[in-house]
Amino acid sequence: MPLAKMTQNLSIELNLLRRRAAYICVLVIILVFTAELILEKYFKEADYQNKQLQVTQQLTGLTSKLSGLINSNLFLLSGLSAHIGMKPDITQAEFEAYASSIFRQEPLLVNMAAARDLVITHIYPLKQNLAALGLNYRLTEKQWNAVKILDTRGEMVVAGPLDMVQGGEAIIGRVTVFTADDKFWGITSAPILTRKLYQAAGLLQDNLTIEVAIRGKDGRGINGEVFYGNATLFTDQRSITTTLDVGTTGSWQLAAQPRDGWQDASGTIWLLRISFIILALLLTIIVSYRYRQFYNEKNFRQTLQKNQALLEEVSKIALVGGWQITPEKRTFRFTLWNEQTAKIFGLQTDSQHPLTEEVLCQFDKPQANHLRSCITNATLGHTFDTELQVSAKSDRWIRIIGKPIANTEPPFSVLGSVQDITERKRFTDKIQHQAIYDQLTGLPNRLLFNNRLKKSIVKCRRENKKLAVLFIDLDHFKPVNDNLGHSAGDFLLKEVGNRIRNCIRESDTVARYSGDEFIVILNDIKETKIPVSISQNIIDSISKTFTINKNKVYCGASIGISVFPDDGDSVEELVSNADQAMYEVKRSGRNGWQFFTKAMQVVSEKRHLLRNKLVTAVHNNEFSVVYQPIVDLTDNKIKKCEALVRWQHNGQFIPTDEFISLAEETGRINEIDRFVLKTASEHISSLSKTYSYPIELSINVSPRVFSSKDNALDQWLTILSRASEHMAITVEITERLLIEESDRIMWVLTKLKALGIAIAIDDFGTGYSSLSYLTKFPIDIIKIDQSFVRKLGEEPVPEALIETMITLSHKLDLEIVAEGIETLEQLTMLKKWNCDYGQGYYFDKPLSAVDFEQRIHRTLVDDQ
Ligand code: C2E
Ligand code: CA
Ligand code: CA
């Protein structure tokens, strides 16, 4: 499965898991709370029933006590009534005697009274109740209402509770009295103090757990007023009620509720609730813990899968496969491998643990044997890393690395990787090829050449044989490159390479040495004429026309020959000597061959010596400056001069051309140019001042200063800009410099122009015939090379050429200076063509500072 898809699936699955866990948690909480509610309801109901039972028990106890107390006291009153009925004429004393005997039983009665014909006639205890004697019920409305209902024999009525005259609250029991002959006598009455009654019944006890209310004032039952306790008990449906008979016709109703309410099971309920909350919490924790476990497990598993997929994909990109091989009896088996391995080894993906032989048979025999021994060694503990070409016929290369899993006894299992390195191999081969072959011509480059020459030297030395080195430099290659473009130049070089190759034997080597230089090794030359004839063949072959883009191009070759062991016995010596010989050919007119000679060696050694002397020359003040006048051809007056350097070593002047090229090679030239510029500018400036005769200074500069890596250019520009403040200066540059067309050169030239310095092209007409730079660069002056001037009057071509140069320069608004004028004839012709300035031995040789000053002086005197 692709990695991106797998990642997406993983997050979907994990989300699902998370949601599922949340659902389970919610479900668990709901279940737990439902269970809790059911249990709570059950507990509440059980508790309620229990309380009802308790209340009923207490209430019935109270009721029976009350009933017992009331009835036993009223029974005493009934006894009194019966006694009076038997004895209607009872005296106060008899009454007292009877009542006191009752009172001795300590009833709840406050007093006892008897009313004959409803007028209180007897009372006990008399003393405290004297005031009641003689009270006529009929006349007392309140009493009468209670009494008039009493008419039946033996009827007993309880009235009240009501407040008593003597204080306190009481219920009053009244019983009718009939005589033996059934005549109404009157009534007896006795109040019972309610407080005492309630107390005796246990109603006022502190430990009573129920709250009680009583109604039924005057024995009127549920219709009577509430006279004890909280009246709302009767309106509350949950209250337990009992009825109590008072007297023969009346009743009271009692209602009760638990003192602490019906809901008193709260302690248990709270315990239950807390337990269930804890239970719910615990279950939620367990569920989320399990979910975490699941999640982690799943995550882990999928990360593993992802990693595996990643590895698989990476292995596909890197073309690397992984495998494990386990040794079996005399053979090995693949116990693990991935897709990439299967692909590289050509294993069947569905095959079960294939034998390594299945893979090995795909290789050539030597490779298969090599790989088999690598694996065998690895099972004995030796790591291997090898590169194999699958078969000689294919160019497929693979790299196999194997490492023993050394955690058991040998033979070990081997873990390894396999990589298709065909591309890399191709690439390294290419790089290797590039390192030793020239990209353009496909010929060996200098590195491979040196190597081969070294080997050839060793071989020749051993076999006592000779070899020759041919150093070939193309003549007139540069103009082809400059005029027809680089691709034409490249084509020419390739073609030259081919032509040279065709001139030599298979066993010889031709290499491209640099630019337009080729070099050849001719092995085993038995005679001197062999390198000669081959050189001549090469020259002839290269001299034939080349056709490039329909252009006919002519080229030549200068060949220097050195021979082993005669001219040197090392690579360096042979090449350098062949190079010198080639140089000699160039000097003596090109397109030919030349053997290296001892005389050349002398020149070379001299140059070498000179090079060393040059190092100390500046420091030793061996340089001086000479000045060659430049004459205005319209009036023959000296207007300018060219500063030229001279080197005098040990009293001997060294030819300028010789040391200038050496100084350029070694980089000393910049120092020399600075010296000349400084010396000349100072001299000419003071000269101009002394004679009030302004002379322009023309100065040479080496192209090297423009490509210098140090600050040589800055130093030179600084001196130049300072000097330009005092005089007119011209800087002479060569065409060679402009061909490069670098931005840096353009920058310097523009800067020079800004300083008011004129720019002259020196030796104009030699080498490069492209004139485009004349308009591209800020040029002011053209100096016609002396080689043209010298031929004036001798050959017709230079005449026409010079005339054209002058006309062209004037058209481009350039001044023109002719160099190397030696004869009047030359001067006359140049004047005829309107050449602006002339310089040469005809006027003056380069003069020392003193001589130049005298020359100016003389001119001025002559003029006067
Ligand atoms: P150049 O710049 O073309 O200088 C003119 C050369 O022609 C000078 O040679 C001069 O002596 C020579 N000459 C002048 N008139 C005649 C004549 O009528 N007939 C003949 N046959 N030769 C004439 P010199 O001084 O030997 O300098 C050779 C070259 O060395 C110069 O060629 C210039 O390229 C280089 N050079 C000289 N001085 C310096 C210098 O200070 N710095 C640099 N970088 N190069 C210099
Ligand atoms: Ca010059
Ligand atoms: Ca010149």
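Scroll up to find the structure this text is about.
Residues numbered from 1 in each chain as written. Chains lettered and ligands numbered in written order. Predicted model: local features only at pLDDT ≥ 70, side-chain atom pairs only at ≥ 80, totals over all residues. Heavy atoms only, no water.

(A) Representation of the pattern of salt bridges within the structure. In the structure shown here, the tally under the stated rule is 38 salt bridges. A salt bridge links K459 to E463; the nearest nitrogen and oxygen atoms lie 3.8 Å apart. A residue pair is termed a helical-turn pair when its members lie 3 or 4 positions apart in one helix, as K459 and E463 do in helix α11 (residues 446–463) at 4 residues. K459 sits in the partly exposed class, given a relative accessible area of 43%. Here the salt bridges share partners, and the residues they tie into one network are E642, E732, K783 and E819. (Salt bridge = Lys/Arg side-chain N within 4 Å of Asp/Glu carboxyl O. Helix = DSSP H or I, 4+ residues; strand = E, 2+ residues; numbered from the N terminus. Buried < 20%, exposed > 50% of the residue type's maximum accessible area, 1.4 Å probe, protein only.)

(B) Representation of the coordination of the calcium ion (ligand 3). On the protein side, the calcium ion (ligand 3) has D762 (OD), D763 (OD), E819 (OE) and E819 (OE) as donor atoms, found 2.2 to 2.5 Å from it. Summarised as a motif, the one-chain spacing of the donors to the calcium ion (ligand 3) is D-D-x55-E. The exposure class of D763 is partly exposed, given its relative accessible area of 27%. (Donors = N, O, S within 2.8 Å, 3.2 Å for Na, K, Ca; no water.)

(C) Representation of the nonpolar core. If you look at the biggest cluster of nonpolar residues, it comprises 78 residues, and the most contacted ones within it are W716, I733, L752 and L830. Core analysis: the next-biggest nonpolar cluster, separate from the first, contains 45 residues, L62, F95, Y198 and V212 among them. (Core = buried A, V, L, I, M, F, W, Y, C linked by side-chain atoms within 4.5 Å.)

(D) Local environment of the sheet that holds strand β10 (residues 320–328). Read from one edge to the other, the open sheet built from 5 strands follows the order β11-β10-β14-β13-β12, with strand pairing classed as antiparallel. Single-partner strands in this sheet number two, and they are β11 (331–337) and β12 (384–389). If you compare each strand with its neighbour and ignore which way they point, the axes differ by 30° on average. Bridge analysis of strand β13 (residues 397–405) against strand β14 (residues 413–420) gives 8 bridges, and the strand direction is antiparallel. Paired with I401 across the two strands is S417, which belongs to β14. (Pairing = 2+ DSSP bridges. Axes fitted to C-alpha atoms, helices over the stretch in contact; angles between N-to-C directions.)

(E) Empty space enclosed by the protein, seen in detail. Evaluated as defined, the whole model comprises 3 cavities of 30 Å³ or more. What the largest cavity holds in volume is close to 60 Å³. Lining the largest cavity, in full, are W323, I325, F334, F345, T356, V359, L360, L371, I375, F384 and I400. Breaking the lining of the largest cavity down by element, the ones donating at least two residues are β10, α8 (356–360) and α9 (365–379). Among the elements that take part in the lining of the largest cavity, α8 stands out by supplying 3 residues, more than any other. Within the lining of the largest cavity, the residues separate by chemical class into 10 nonpolar, 1 polar and no charged. (1 Å grid on protein atoms, 1.4 Å probe; cavity = no way out; pocket = protein on both sides within 12 Å on 5 of 7 lines; lining within 4 Å. Points joined across faces, edges and corners; volume = space filled by probe spheres on them. Nonpolar A, V, L, I, M, F, W, Y, C, P; charged D, E, K, R; others polar.)

(F) Spatial organisation of the pairing of strand β25 (residues 696–700). Summarising the sheet, strand β23 (residues 637–649) and β25 pair through 4 bridges and their orientation is parallel. Of the residues in β25, the one forming a bridge with K640 is E696. In terms of strand pairing, β25 meets strand β26 (residues 729–734) through 4 bridges, oriented parallel. Bridge pairing links L697 to I729 in β26. On the question of chirality, the crossover connecting β25 to the parallel β26 by way of helix α19 (residues 712–723) is right-handed. (Right-handed = clockwise from strand over helix to strand, strands pointing away.)

(G) Seen up close, the coordination of the calcium ion (ligand 2). Distances from the calcium ion (ligand 2) to its protein donors, E642 (OE), N700 (OD1), E732 (OE) and D762 (OD), fall at 2.1 to 2.3 Å. Here the donor residues of the calcium ion (ligand 2) are spaced in sequence according to E-x57-N-x31-E-x29-D.

(H) Structural context of unusual backbone geometry. Across the junction of G160 and P161, the peptide omega takes the value 10°, indicating a cis bond. Within the element layout of this structure, P161 appears in strand β3 (residues 156–163). In this structure, P411 follows P410 across a cis peptide bond, with omega equal to 0°. One non-glycine residue with positive phi stands out, namely N636, at about 60°. Along the chain, N636 falls in the loop between β22 (623–632) and β23.

(I) Spotlight on the packing of aromatic side chains. Throughout the structure, instances matching the rule amount to 17 aromatic pairs. Arranged with centres 5.4 Å apart and planes meeting at 85°, the rings of W647 and F659 form a pair that is edge-to-face. Here W647 is found in strand β23, whereas its partner F659 is found in helix α17 (residues 656–666), with 12 residues between them in sequence. Exposure class is identical for W647 and F659. Each is buried. Ring geometry for F706 against W716: centres 6.2 Å apart, planes inclined by 70°, an arrangement best described as edge-to-face. (Phe/Tyr/Trp six-rings, centres within 6.5 Å; stacked < 30°, edge-to-face > 60°.)

(J) Geometry of the environment of V158. Position of V158 among the secondary structure elements: in strand β3. Ignoring sequence-local partners within four residues, the contact set of V158 consists of L74, I171, I172, G173, D218, G219, V246 and G247. (Contact = heavy atoms within 4.5 Å.)

(K) Quick peek at helix α24 (residues 796–811). End to end, α24 covers 23 Å across 16 residues, agreeing with the expected 22 Å (1.5 Å per residue, within 8%). Looking at α24, one finds that the buried residues are P798, I802, M805, I806 and S809. Axial view of α24: buried residues confined to an arc of 95°, hence all on one face. Facing away from the buried surface of α24 by more than 90 degrees, the exposed residues are P796, V797 and K811. On its buried face, α24 sits against β27 (758–764), β28 (781–784), α23 (786–790), β29 (815–818) and α25 (824–832). Once α24 finishes, D813 follows within two positions and takes phi at roughly 65°, a positive value. (Expected span 1.5 Å × (residues − 1). Arc of directions from axis to C-beta.)

(L) Spatial organisation of the site of ligand 1. Surveying the vicinity of ligand 1 reveals 24 residues, the closest of which are D673, D762, Q786, E822 and Y841. Protein chains shield 84% of the accessible area of ligand 1, which is 780 Å² for the free molecule. Put simply, the parts of the chain that give the shell around ligand 1 at least two residues each are β23, α17, α18 (669–691) and β27. No other element matches β23, which puts 4 residues into the shell around ligand 1. (Near = heavy atom within 4 Å. Areas by Shrake-Rupley, 256 points an atom, 1.4 Å probe, with all protein chains shown as cover.)

(M) Spotlight on the sheet that holds strand β4 (residues 169–178). Spatial strand order, β2-β1-β5-β4-β3: 5 strands in an open sheet with antiparallel pairing. The open sheet is flanked by β2 (119–124) and β3, the only strands paired with a single partner. Averaged over all adjacent pairs, the angle separating strand axes in this sheet is 25°, with direction ignored. For strand β1 (residues 112–116) and β2, the ladder comprises 5 bridges, and the chain directions are antiparallel. Note on β2: the bridge partner recorded for R116 is V119. Across the sheet, helix α2 (residues 92–103) lies against β1 and β2, angled at about 50° from β2, the strand it touches most.

(N) Inspection of the layout of surface pockets at higher detail. Here the second largest pocket is characterised by a volume of approximately 870 Å³. Along the walls of the second largest pocket sit 32 residues, with Q143, L162, V165, I172 and R174 positioned nearest its centre. Element by element, the count of residues in the lining of the second largest pocket is highest for β3, at 5 residues. Each residue belonging to the lining of the second largest pocket can be placed in one class, and the counts come to 17 nonpolar, 8 polar and 7 charged.

(O) Quick peek at a nonpolar patch on the surface. A contiguous nonpolar patch, built from W270, I274, I278, L279, L282, L283 and I286 and spanning about 640 Å² of accessible area, is present on the exposed surface. With respect to the secondary-structure elements, I278 resides in helix α6 (residues 266–318). Exposure remark for I278: the relative accessible area of 45% places this residue in the partly exposed category. (Patch = residues over 30% accessible without salt bridge, like charges linked within 9 Å, V, L, I, M, F, W, Y side chains within 5 Å.)

(P) Molecular detail of the pairing of β1. When you tally the buried positions in β1, you get 4 out of 5 residues, the bulk of the element. Between the antiparallel neighbours β1 and β2 lie 2 residues, among them D117 with a positive phi of about 50°. Where β1 and strand β5 (residues 184–193) come together, 4 bridges link them in antiparallel fashion. The residue bridging A113 from the neighbouring strand is S189, located in β5.

(Q) A look at the packing of α11 against helix α15 (residues 571–587). For the pair α11 and α15, the least separation of the axes is 10 Å and the interaxial angle reads 110°. Compared by their axis directions, α11 and α15 come out roughly perpendicular. Taken as a pair, α11 and α15 cross one another with a handedness that is right-handed. Contacts between α11 and α15 involve F449, N450, L453, K454 and I457 from the first element and V571, L574 and V575 from the second. Looking at the contact of α11 with α15 residue by residue, the class counts come to 6 nonpolar, 1 polar and 1 charged. (Parallel < 35°, antiparallel > 145°, perpendicular 65-115°, else oblique. Left-handed = near helix turned anticlockwise from the far one by under 90°.)

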